[in-house]
Amino acid sequence: MKMKNILVTTDFSNDAYCALFYISKLLASKECTFFILNVYDELTPLESKKNNLFGGKKLLKQIEQESNEKLTQVFHKIVLDTDNPNHEYHTFSRKGALSKVVAKIVKENVVDLVVMGNKGKTGAKEIFMGSNTFQVANEISLCPLLAVPKQLDYKVPNDIAFITDYKKGCAKETLEPLLHIAALHNSTISVMHINEEETLDAEQELKRKLLENCLKDFKYSFHNTQNSANKTLVIDSFLARKNIDMFSMVQQKHSFLEKFMREPVIKDLSLYADIPLLILPNRH
């Protein structure tokens, strides 16, 4: 798989810029085109002027103008900060609902990866996965989404965790984005499974072997963890113990990932709130 076209959303917060900077560093050695997207609507606050209470086309025009001006500033800043001849940047200002606009641009521009900062100006601090990120992850099925938390400093992903139930998402088609990043940085892949039952059933055994075959060209290890009422803390403990730099799960409706992303975070213990999460669409 190639990661050539990257869509990065921004609300012009520092968190959003850090996500853009993170992916620029992660893919520094590859030729890429980055689409920097800001989505606005009638409720988007204006910084330069007081909001017109009556709204209308004039207000929208002002919001659009401010969006384009700020996108230009982001464009110049990232070019200056990274100074990478491999990378090309384009900006998009669009009106609408974020998840719908992202899905449309993914299709139109054959996007290989969507990148979002987990929390922006509207991010609720007690929730690990911002609602915007969650909605976009549910809306896009054509490509993976990388959620970069807070104002994270870039660190090479030497150790990547893949958290799985050995039920879906163990085929190479699904794992390709994860394997691409691991190959790029010679990363070790740690597979984590939380035991729901005493032993794996026949289907899970088959999926585990399929996964092992996908990882044969990589440094990898398998880890089983006992089931717990609070899986979030079990994962938290694993990521801390293994000193994980990025972790990954497969997105599917009514899945463990969906429950995990909605669980409240205990602030002092939530290490994974400082680790990028790669959400993979289930392709097989």
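Residues numbered from 1 in each chain as written. Predicted model: local features only at pLDDT ≥ 70, side-chain atom pairs only at ≥ 80, totals over all residues. Heavy atoms only, no water.

(A) Seen up close, the sheet that holds strand E7 (residues 188-195). Across the sheet, which stays open at both edges, the 10 strands sit in the order E3-E2-E1-E4-E5-E10-E9-E6-E7-E8 with mixed pairing between neighbours. Edge positions in the open sheet fall to strand E3 (87-95) and strand E8 (219-226), since each of these has one partner strand only. Recorded for the sheet is a direction-independent mean angle of 25° between the axes of neighbouring strands. Contacting strand E2 (32-40) and E3, helix H2 (residues 56-82) crosses the sheet at an angle of about 165° to E3. On the sheet, helix H5 (residues 172-185) packs against strand E6 (159-164), E7, strand E9 (246-251) and strand E10 (277-281) and is oriented at approximately 145° with respect to E10. (Pairing = 2+ DSSP bridges. Helix = DSSP H or I, 4+ residues; strand = E, 2+ residues; numbered from the N terminus. Axes fitted to C-alpha atoms, helices over the stretch in contact; angles between N-to-C directions. Contact = heavy atoms within 4.5 Å.)

(B) Spotlight on the pairing of E6. Taking burial as the measure, the six residues of E6 include five buried ones, the bulk of the element. Here six bridges tie E6 to E7, and the two strands are oriented parallel to one another. Its bridge partner being in E7, Phe162 is matched across the sheet by Val191. Following the chain from E6 across H5 to the adjacent parallel E7, one finds a crossover that is right-handed. (Buried < 20%, exposed > 50% of the residue type's maximum accessible area, 1.4 Å probe, protein only. Right-handed = clockwise from strand over helix to strand, strands pointing away.)

(C) Highlighting the side chain of His185. Take His185: it is sitting in helix H5. Using a relative accessible area of 18% as the deciding quantity, one classes His185 as buried. At a separation of 2.8 Å, a polar atom in the side chain of His185 contacts the main-chain carbonyl oxygen of Leu26. Residues within four places of His185 in sequence aside, it is in contact with Leu26, Tyr154, Val156 and Pro157. (Polar contact = N/O pair within 3.5 Å; in protein donor to acceptor, adjacent residues only side chain to side chain.)

(D) Spotlight on the pattern of salt bridges. Counting across every chain of the model gives seven salt bridges. Lys77 serves as the salt-bridge partner of Asp81, at 3.2 Å between the closest nitrogen and oxygen. With Asp81 and Lys77 both in helix H2, this residue pair falls four residues apart, about one helical turn. Overall, Asp81 belongs to the partly exposed group, its relative accessible area being 37%. In this structure, the salt-bridge partner of Lys207 is Glu203, at a minimum N-O distance of 3.2 Å. Here Glu203 and Lys207 lie together in helix H6 (residues 202-214), a separation of four residues that amounts to about one turn. Take Glu203: its relative accessible area is 44%, and that puts it in the partly exposed class. (Salt bridge = Lys/Arg side-chain N within 4 Å of Asp/Glu carboxyl O.)

(E) Region of interest: H6. Along its 13 residues, H6 runs 19 Å from first to last C-alpha, staying within 8% of the 18 Å computed at 1.5 Å per residue. Taken residue by residue, H6 has Gln204, Leu211 and Cys214 as its buried positions. Buried residues along H6 cover an arc of 75° about the axis, so they all sit on one side. Away from the buried face of H6 by more than 90 degrees, exposed residues Ala202, Leu206 and Lys209 are located. Packing partners of the buried residues in H6 comprise E6, H5, E7 and E8. (Expected span 1.5 Å × (residues − 1). Arc of directions from axis to C-beta.)

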